[in-house]
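Examining the three-dimensional arrangement
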Amino acid sequence: MMENNKEPLSLIIIIGFMLLLNLVLGVDSAEKFRITRHDFPNDFVFGSGTSAYQWEGAADEDGRTPSVWDTYAHDGYVHGGQNGDVACDGYHKYKEDVKLMVESGLEAYRFSISWSRLIPNGRGPVNPKALEFYNNLINELISNGIQPHVTLHNFDFPQALEDEYGGWISRKIVYSLDLLHHNQPYAYFYKILMEKLFGVFECRRDFTNYADVCFREFGDRVSYWITINEPNVFSLGGYDQGNGPPHHCSPPFCVNKSKRGNSTTEPYLALHHILLAHSSAVRLYRTKYKEKQNGFVGISVYSFGFFPNTTTEKDILAAQRARDFFVGWVMEPLLHGDYPTSMKKIAGTRIPTFTDRESKLVKGSYDFIGLIHYTNLNITDNSLVLESNLRDFSADMAVLMHGSDLFANAEYPIEPWGLIEELNHFKLNYGNPPMFIYENGQRTASNASLQDVSRVKYLQGYIGATLHSLRNGSNLKGYIAWSFIDLFELLDGYESSFGLYYVDRNDPELKRYPKLSAKWYSWFLKGRSFAVEAIELEKDSSHISIDHFFD
């Protein structure tokens, strides 16, 4: 867990946060800051989310084939050899879960589509059973007044394409299929020539083809699309440290040992191709579907709150460098068509270069940004590491990060000023794009306790921070709590939980039970007010009533 920082800068940040709340919310410092759903605009949506491999289960049913996440889990890299074969069985229990969403008062639900369920081999015929399932799920949501937000890729790239050409580290993910056979070496140049001469030649890209199927089949009811979920974390974990699918890394940088990968180059290459594939999907939607469907396509990015560990210039610069590497890595190309200067200077030739044409396609290829945020980091400069010639992405960043252990199941500290700081950074430095907070929630150890007081306090603090940022000019459109129910988590399987609803995994029916947080969130969405500041509760949490959290 993050240690209490005694440095003056941390105290200034905390005090400043409280003063800003006083000013923005217009209350005396001795009073509690009362907030209700009605303080937010009518078109601001509140919801919760899951993702395909974490929720659906039915891993080998109705034509679905493995993803890289299946392989990673079955190779034993998740705690205790756990996997998502069954997960929450959402594939069979989606109606039950939507009913719980309705009872909770959710206005939006974020979920992802399994590429290897919809198109089992990554390309080719669409699976009719998958088409039926996702249509049924979307229709169930729409008929109950819940707005679907759909992610196309959430760590679950089809294993068939990974085996064929290496997945995201191959340019074939962007330029592939019929023209790019080994006996047609000039196909790529022919494609470019045709595009330049006629502007109509469309080389079918795997990801774009998959996105095309989704837009075509579901776009009449889905207005919000996320192409890739947190590509920065996916690229770092999957291609540098090896602690996530597809488990690429090279010594000495592996967290989980692997026989494949190059930690010095692959993270940069994977994210580069992700941005190109993302921009291709956005271009497709805008030219083929936008006029008729009137939807929006964005991408999500993971962000900590980045704070210098001391007031020294080195640590202040280090905190900015960490933000460049984590957030600017995605946002700078989307905004300006190129990577941050600090990254290019340090990584040199190991970071790919956009052609002029690619830069123009990537720049502006978003209608909104989804923010993934849980906790803060205190940053210390570690520039000495740059003297080494063998460096991975983490070494290039040249910082030491002090904060919560992402691989534990301990609770996050409740420090919502980090969210305010990041939203303010997006407002001031990234053009204040339309944004949804797509993941934000409290981690607890997985157990049978339904009295998740810390999760209620966490939600109170961060929803309060969201309102502050909204009133301070951030272009926020929604808050999606993570997660709707206890899921199969990426880093530690079923050992930690984020859910508003508990899933009894000892019950063959995987019965769901509302936690205190589900009841609190429901009451908030139905108009009850709450205080931002921490509420003192009885020591015996078994006697806690939801009334403690409201007037």
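Labelled according to an unreviewed UniProt entry, the protein appears under the name Beta-glucosidase, originating from Arachis hypogaea. For the protein, the Sequence similarities (unreviewed entry) comment in UniProt is given as "Belongs to the glycosyl hydrolase 1 family."

With their axes 9 Å apart at the nearest point, helix α10 (residues 231-239) and helix α13 (residues 313-336) run at an angle of 125° to one another. As summarised for this structure, α10 and α13 are arranged oblique, according to the angle between their axes. Note on packing geometry: the crossing formed by α10 with α13 is right-handed. Seen from α10, the contacting residues are Pro231, Asn232, Ser235 and Leu236; seen from α13, they are Phe326, Trp329 and Val330. Its residues placed into classes, the contact of α10 with α13 shows five nonpolar, two polar and no charged.

Within the structure shown, the criterion is met by 57 aromatic pairs. Look at Phe40 and Phe524: their rings are 6.5 Å apart centre to centre, the planes differ by 85°, and that puts the pair in the edge-to-face class. One end of the pair, Phe40, is in the loop between β1 (34-35) and β2 (45-49); the other, Phe524, is in helix α19 (residues 516-525), with 484 residues separating them in the sequence. The exposure class assigned to Phe524 is buried, which follows from its relative accessible area of 0%. A ring pair is formed by Trp115 and Phe157, whose centres lie 5.2 Å apart and whose planes are at 80°; its orientation type is edge-to-face. Within this pair, whereas Trp115 is found in helix α5 (residues 115-118), its partner Phe157 is found in the loop between β4 (147-153) and α7 (159-165), the two being separated by 42 residues in sequence. Take Phe157: its relative accessible area is 1%, and that puts it in the buried class.

What follows deals with the state of the cysteines. Evaluated as defined, the whole model comprises one disulfide. Covalent S-S linkage joins Cys249 and Cys254, the inter-sulfur distance amounting to 2.1 Å. Taking the sign of the S-S torsion, about 110° here, the bridge from Cys249 to Cys254 comes out right-handed. The exposure class assigned to Cys249 is buried, which follows from its relative accessible area of 1%.

Conventions we followed
- Residues numbered from 1 in each chain as written.
- Predicted model: local features only at pLDDT ≥ 70, side-chain atom pairs only at ≥ 80, totals over all residues.
- Heavy atoms only, no water.
- UniProt positions renumbered as here; feature names shortened; annotations may be inferred.
- Axes fitted to C-alpha atoms, helices over the stretch in contact; angles between N-to-C directions.
- Helix = DSSP H or I, 4+ residues; strand = E, 2+ residues; numbered from the N terminus.
- Parallel < 35°, antiparallel > 145°, perpendicular 65-115°, else oblique.
- Left-handed = near helix turned anticlockwise from the far one by under 90°.
- Contact = heavy atoms within 4.5 Å.
- Nonpolar A, V, L, I, M, F, W, Y, C, P; charged D, E, K, R; others polar.
- Phe/Tyr/Trp six-rings, centres within 6.5 Å; stacked < 30°, edge-to-face > 60°.
- Buried < 20%, exposed > 50% of the residue type's maximum accessible area, 1.4 Å probe, protein only.
- Disulfide = S-S within 2.5 Å.

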